[in-house]
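Geometric and topological summary
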Amino acid sequence: MSTVVPLWRERGPHPRPGHLALLGTGTVGSAFVARYSRLVAQGAALPDIAWLCNSRTQIAGGGDLQGALAQARAAARRHAGFPPWAEGESPKPGDIIVDATASETVADWHPEWLARGVHVVTANKLGTGGDLGRALAIDDARASGGRYGDSATVGAGLPLLRSLRSLIAGGDRIHAIEGVLSGSLAWLCAHHDGSRPFSALVRQARASGYTEPDPRVDLSGEDVRRKLLILARAAGIALPAHEVVVESLVPEALARAAGDAVDACLHLLDADLEARRVAAAAAGARLCVVGRFDAQGASVGLRALPAAHPLCAGSGTDNRVAIHSDRYSAQPLVIQGPGAGAEVTAAALLDDVLAISAATA
């Protein structure tokens, strides 16, 4: 029986390029460190992790990454700013910053780092999925500075942004993109069959790590809006965030609830969503939260789709995206795969780190 050998070993050892800074030591950051350690043990040519940072502290990397990670997560707040680098300690040109946060402050730094020649790999959707000015600044900086790895921002590493950019580079014109872009909402819609209240499913999804700790972040549609903006801008459309019409699933009373009262208020979701599920089922349709943009505009909302619709395939936390273009006019190009979870997001981040390391070695 033949043995599968990683490509980095087939090519022989490479010097490890630069250093790496991991920003964010939560669920995704922890999964990143675990996967990084496994890949290094297998011989991958990855930069040394020199810094582990969160909004509380900065810890030097080195040999005991799990110890440094635990120390960073347990640290008391000592820094007013984030990232908390002292003067002269920040990454240099050729280093790689991995942004595993959801911080707007960190996203604001992306164009600055790129312009300095520092590479950025990110799961933070606010870089190109937030303010349009910042997204344009990132595009300008990546054209003349560091490399930008953003495959973890949409589809958790599915070949989505790469495929979209390849189509455009080949002269294709994008007419519309629509997709089930939230793994957590895909899971909720797939499991909402009337046997359990929707609120019970939300609690289960939260416990499984599919939603944010405050599930209103997912249910509001804001996460899908950001992903839709990333796709539109990758397609060459300078779409402002305010032009995306978003239908939130969160009723007003739940939206106003204090953080510690959210769980007790989740039942407010049940009646409306059950009524919509029953109506869709009576019409032979299935509910999906869909983000879409085309020449008529951009929207995010709950739609009742016929069973044969391409976005109704798949199960679990799958993301499903249909690209309509000159090349794919009669039938859209559909890209599908797991779209939620720390492990797949960490894998996408490390894929981008490896690609940048190989390209710059």
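Everything numeric in this text was worked out from a predicted model, so none of it was measured.

Notes on empty space enclosed by the protein
- For the structure shown, the criterion picks out one cavity of 30 Å³ or more.
- Lining the largest cavity, in full, are Val180, Leu185, Ala186, Cys189, Arg286, Cys288, Val289 and Arg320.
- Where the lining of the largest cavity is concerned, the elements lending two or more residues are helix H8 (183-191) and strand E9 (285-294).
- When its residues are assigned to classes, the lining of the largest cavity shows six nonpolar, no polar and two charged.

Observations regarding the sheet that holds strand E8 (residues 244-246)
- Strand order in the open sheet made by the six strands is E8-E10-E9-E7-E11-E12, with mixed pairing throughout. Sheet topology places E8 and strand E12 (333-338) at the edges, where each strand pairs with a single neighbour. In this sheet, neighbouring strand axes are inclined to one another by 25° on average, regardless of whether the strands run parallel or antiparallel.
- Of the strand pairs in this sheet, E8 and strand E10 (residues 297-306) are connected by three bridges, and their pairing is parallel. Residue pairing in the sheet places valine 246 in a bridge with valine 300 of E10.
- Helix H11 (residues 222-234) rests against strand E7 (174-180), E8, E9 and E10 of the sheet, and its axis sits at about 45° to E9.

With respect to the layout of surface pockets
- In this model, the largest pocket occupies a volume close to 1,100 Å³.
- Looking at the largest pocket, it is lined by 44 residues, and the ones nearest its centre are Val28, Ala102, Lys125, Glu212 and Thr345.
- Broken down by secondary-structure element, the contributors of at least two residues to the lining of the largest pocket are helix H2 (27-41), H8, helix H10 (216-219), H11 and helix H15 (342-360).
- Residue composition of the lining of the largest pocket, grouped by class: 14 nonpolar, 21 polar and nine charged.

As for the environment of tyrosine 148
- Structurally, tyrosine 148 can be placed in strand E6 (residues 148-149).
- Residues tyrosine 148 and valine 353, 205 residues apart in the sequence, show an inter-C-alpha distance of 9.7 Å.
- Residues contacting tyrosine 148, with those up to four places away along its chain left out, are His110, Leu114, Val120, Thr122, Gly127, Thr128, Ile138 and Arg142.
- A polar contact is formed between the side chain of tyrosine 148 and the side chain of histidine 110, at a distance of 2.8 Å.

Each value, and the rule that gives it
Residues numbered from 1 in each chain as written. Predicted model: local features only at pLDDT ≥ 70, side-chain atom pairs only at ≥ 80, totals over all residues. Heavy atoms only, no water. 1 Å grid on protein atoms, 1.4 Å probe; cavity = no way out; pocket = protein on both sides within 12 Å on 5 of 7 lines; lining within 4 Å. Points joined across faces, edges and corners; volume = space filled by probe spheres on them. Helix = DSSP H or I, 4+ residues; strand = E, 2+ residues; numbered from the N terminus. Nonpolar A, V, L, I, M, F, W, Y, C, P; charged D, E, K, R; others polar. Pairing = 2+ DSSP bridges. Axes fitted to C-alpha atoms, helices over the stretch in contact; angles between N-to-C directions. Contact = heavy atoms within 4.5 Å. Polar contact = N/O pair within 3.5 Å; in protein donor to acceptor, adjacent residues only side chain to side chain.

Everything listed is a geometric property; what it means functionally is a separate question.
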